[in-house]
Number of protein chains: 2
Amino acid sequence: MAANQEIPARPRAYLAGPEVFLPNAKAVAARRKAVCAAHGLDGVFPLDAGLDLAGLAPAEAGQAIYRANRDLMDGCDLLIANLTPFRGPSADAGTVFELGYMRGLGRPVFGFSAQAVPFAERTRRLAGVAPDARVDAEGLEIEDFGLPDNLMIAGALADALDGMVVADEPAERRFADPAAFETCVAAAARWLADRRSG
Amino acid sequence: MAANQEIPARPRAYLAGPEVFLPNAKAVAARRKAVCAAHGLDGVFPLDAGLDLAGLAPAEAGQAIYRANRDLMDGCDLLIANLTPFRGPSADAGTVFELGYMRGLGRPVFGFSAQAVPFAERTRRLAGVAPDARVDAEGLEIEDFGLPDNLMIAGALADALDGMVVADEPAERRFADPAAFETCVAAAARWLADRRSG
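One structure accompanies this document, and this report is about it. (Residues numbered from 1 in each chain as written. Chains lettered and ligands numbered in written order. Predicted model: local features only at pLDDT ≥ 70, side-chain atom pairs only at ≥ 80, totals over all residues. Heavy atoms only, no water.)

## Details of the overall build of chain A
Using the following cut-off: In this text, helices come from DSSP runs of H or I with a minimum length of four residues, and strands from runs of E with a minimum of two, each type numbered from the N-terminal end. For the radius of gyration, the atoms used are the C-alpha atoms, and the globule rule reads 2.2 Å times the number of residues raised to 0.38. For the exposure calls, accessible area comes from a 1.4 Å probe over protein chains only, and a residue counts as buried if that area is under 20% of its type's maximum, exposed if over 50%, partly exposed in between. In what follows, a contact means two residues having at least one pair of non-hydrogen atoms within 4.5 Å. To be clear on the numbers: accessible area is Shrake-Rupley with a 1.4 Å probe, and residue cover counts the displayed protein chains and nothing else. Only four residue types enter the charge count, namely Lys and Arg as positive and Asp and Glu as negative; His and the chain termini do not. By convention, charge coordinates are those of NZ in Lys, CZ in Arg, CG in Asp, or CD in Glu.
In terms of helices and strands, chain A carries six helices and five strands. Along the chain direction, N to C, the helices and strands of chain A fall in the order β-α-β-α-β-α-β-α-α-β-α. For 198 residues, the compact-globule formula gives about 16 Å, and the C-alpha radius of gyration of chain A, at 17 Å, lands near that figure. Based on the C-alpha atoms only, the size of chain A along its principal axes is roughly 50 × 50 × 30 Å. Going through the 198 residues of chain A one by one, you find that 56% of them count as buried. Of the contacts made within chain A by residues no fewer than 6 positions apart, 73% connect residues no fewer than 24 positions apart. On chain A, roughly 8200 Å² of surface is accessible, and the fraction owed to carbon and sulfur atoms is 51%. Taking the average place of the 20 positive charges on the side chains of chain A and the average place of its 27 negative ones, the gap between the two points comes to 4 Å.

Rendered as structure tokens:
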């Protein structure tokens with residue numbers, strides 16, 4: 001919800017994350033929405049727009065998906081993001097964009113990761129530098145504030161909860177079925193309930 | 001500027017990018033601001049807040065930097081981002097968050113990359129799969145719309161200009177001194193001028 005806006009009886013939660021890239025994304029979406037419903041939230045999945053991309057050139061299709069996701073976010077009261085590292089030391093870039101977008105709209109954002117290795121350690125491993133290195137091989141600083149990802153991501157999450165919900169789960173579950181998702185949904189629902197009664 | 005807001009005589013441009021991690025970030029910031037000034041823009045660099053982090057625990061310092069950057073963005077009329085791939089197939093996560101945040105505020109965003117390899121090709125190289133692979137080794141889709149980065153990033157940039165300003169520059173210049181920066185600043189300044197006169 002925007003600042004000072006009332007929390008609706010059944011808040012709409014935009015479910016951001018790289019789950020859209022899973023081969024069984026629609027089945028995963030259905031399971032996530034069931035978890036949301038059990039906690040009084042209405043889960044909205046990026047693929048819900050049900051776009052027909054037939055006949056569009058690739059770049060036009062990409063633009064249509066962007067606009068559809070933006071419209072879905074505009075209609076949501078909060079965001080819950082899977083911020084598990086994706087193809088690099090940070091979360092999926094599209095998900096991070098959406099986190100920023102919803103924060104820019106003034107809506108509360110929540111996020112989880114199913115991988116507990118701290119951001120700085122992941123960055124050093126990828127860069128192939130020593131465990132106490134402060135810069136990479138090119139001399140670029142390795143951000144190390146003991147946070148689970150870049151400080152802009154962690155900072156936005158700390159605007160509502162204490163920060164990211166982090167668990168250490170088997171790699172094969174991190175996008176398909178992370179337990180951290182329900183932990184995060186439950187925490188978001190409690191946060192909204194506290195604000196509604198407060 | 002927010003939607004329907006007047007464009008000021010000297011628009012303030014938030015200069016997002018991993019340049020903050022360079023050892024000579026302040027000197028780089030000064031050069032970037034001079035380029036902005038030559039095109040009628042007032043460049044604002046993340047480090048401009050001049051925070052005193054002494055005595056803060058690491059996570060508190062990270063949070064303070066997040067808040068300072070957010071405050072700086074709130075006071076800017078547009079964003080110009082260095083979206084050159086950073087430690088992975090996509091742009092720097094903090095920069096992508098800021099791109100989303102400013103778009104959520106309804107302000108125009110502009111971005112450039114000093115590396116011309118398309119996003120899908122970078123992703124396949126990182127994943128170690130064939131040049132025509134549609135999924136990675138885990139079966140997760142490789143996004144391929146012929147765009148320079150994730151479609152949320154490319155989509156947001158196409159809300160103003162046609163998309164990302166992309167050049168192919170020597171690797172050692174991509175953060176320290178990319179020529180694409182001035183190309184992007186000039187294009188942003190023209191876009192603002194067109195809207196002011198239109």
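## Some details on the relation of the copies chain A and chain B
Rules: When the copies are superposed, the least-squares fit takes in the C-alpha atoms of residues with a pLDDT of at least 70 in both.
Least-squares fitting of chain A to chain B yields an RMSD of 0.0 Å, with the transformation described by 0.0 Å of translation along the axis and a rotation of 180°. Both copies of the chain, as the preceding transformation shows, are related through a two-fold rotation axis. Most of the interface of chain A is mirrored in chain B: 100% of its interface residues are interface residues there too.

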